[in-house]
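Next come the chains, spelled out residue by residue.
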Amino acid sequence: MVFQHIEEYGNHEQVMFFHEPSVNLKGIIAIHNTALGPAIGGCRMWPYASEKEALIDVLRLSRGMTYKSAAAGLEQGGGKSVIICDPKHKTPELFKTFGRFIHSLNGVYITAEDVGTSVEDMQHIRATTPFVTGLSEQMGGSGDPSPFTAQSTLVGIKAAVSYKLNRESLEGLKVAVQGMGHVGGYLAEYLLKEGCQISICDIFERKAKDFQEKYPQVKVVDHQYIYDEDCDIFSPCALGSVISVETLKRLKCSIIAGAANNQLDKLEREYDLRKKNILYAPDFVINAGGVINVFVESQGSYTKEEVQKRIAKIYHVLKEIFTRSEEERKNPTDVAIEIANNRIQRKL
């Protein structure tokens, strides 16, 4: 069954299962492709319902990282790691032990933060391996990459609005933001500065309420009903697989453009979006800001200007994807994967 999943989700180069009971550490590292360089991808900590669920998640996420890096023009491959644990129970020793497993891979995989992990956690990993990025500025890193993921998502939203709605300004547009974690919170702030009217939600309602206290003009919606919001743009910024047969029936938007990975429950779902005349911005293109940031950091000559210059290119990449999608009658994600795979093949 394990090998069947690995084959189904992209013929990975390497999958490591690790377990150290003394520190409550159990997880998986998946290395999808290293043709363009070492695999970079964050470490997600989540209380998965089963080991199978964790395996499928890490395989999908690592495959997406390959496409993300290739489409963004980065000289790096795709990988990801998951730790099966509630983030409430994290400890420094857990991450130091995790760092030893990363170190055993001899630089083939470089980790960073993701859902459930933080810059501080990366610092604990750094105690046992140099193969970690997204470190604090005090340790010579660039700090939290979330603002850059939000920036690239904003750039992607602007590209989608330009293509679909034929306008360059976001002023007055209604946006429903699903998830008020690090990235969703930053994106909501950026959208407010652009003059958008936004609705927000989070499975942890306190996060949404805290944001509303800071910005009273924001509408808070129960996370179960965010799909029913009448909006121009639906922006998933939480976990994946949120666009399904059931939720698609409820959406009232023209564009789906968000920061979450693997937003579609299956790639074929994009055919249903096209039937409903909803433009979908491929997630691994629009949310590349974070990995761009940690890539630039990993090169040893970090500047925010270089990161932002690379993020700005996402606008033109997406416009090309949307144009080709229409001309070739293909889904935007299929076009984006072709662009990524062509770049990988040229390197082989």
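Just so we're clear, the structure is a prediction, and the values are computed from it rather than from any experiment.

Undergrad: An account of the pairing of strand E8 (residues 197-201) is requested, with residue identities and associated values reported.
TA: Of all 5 residues that make up E8, 4 are buried, and the element is covered over most of its length. By the bridge criterion, 5 bridges tie strand E7 (residues 174-178) to E8 in an arrangement that is parallel. The residue bridging Gln 178 from the neighbouring strand is Cys 201, located in E8. For the crossover that starts at E7, traverses helix H6 (residues 182-193) and ends in the parallel E8, the hand is right-handed. With 2 bridges connecting them, E8 and strand E9 (residues 219-220) associate as parallel partners. The partner of Ser 199 across the bridge, within E9, is Lys 219. Following the chain from E8 across helix H7 (residues 205-214) to the adjacent parallel E9, one finds a crossover that is right-handed.

Undergrad: Outline a nonpolar patch on the surface, listing residues and values.
TA: A surface patch of nonpolar side chains, about 350 Å² in accessible area, is lined by Val 2, Phe 3 and Phe 17. Relative to the elements of secondary structure, Val 2 occurs in helix H1 (residues 2-8). By relative accessible area, Val 2 is classed as partly exposed at 35%.

Undergrad: Can you explain the sheet that holds E8? Please cite residues and give values.
TA: On the basis of which strands lie adjacent, the open sheet formed by 6 strands has the order E9-E8-E7-E10-E11-E12 and parallel pairing. Since the sheet does not close on itself, it has two edges, and those belong to E9 and strand E12 (279-280), each with one partner. Taken together, the 4 bridges between E7 and strand E10 (residues 233-236) define a ladder with parallel strand orientation. Paired with Ala 176 across the bridge in E10 is Phe 234.

Calculation criteria
Residues numbered from 1 in each chain as written. Predicted model: local features only at pLDDT ≥ 70, side-chain atom pairs only at ≥ 80, totals over all residues. Heavy atoms only, no water. Buried < 20%, exposed > 50% of the residue type's maximum accessible area, 1.4 Å probe, protein only. Helix = DSSP H or I, 4+ residues; strand = E, 2+ residues; numbered from the N terminus. Pairing = 2+ DSSP bridges. Right-handed = clockwise from strand over helix to strand, strands pointing away. Patch = residues over 30% accessible without salt bridge, like charges linked within 9 Å, V, L, I, M, F, W, Y side chains within 5 Å. Areas by Shrake-Rupley, 256 points an atom, 1.4 Å probe, with all protein chains shown as cover. Salt bridge = Lys/Arg side-chain N within 4 Å of Asp/Glu carboxyl O.

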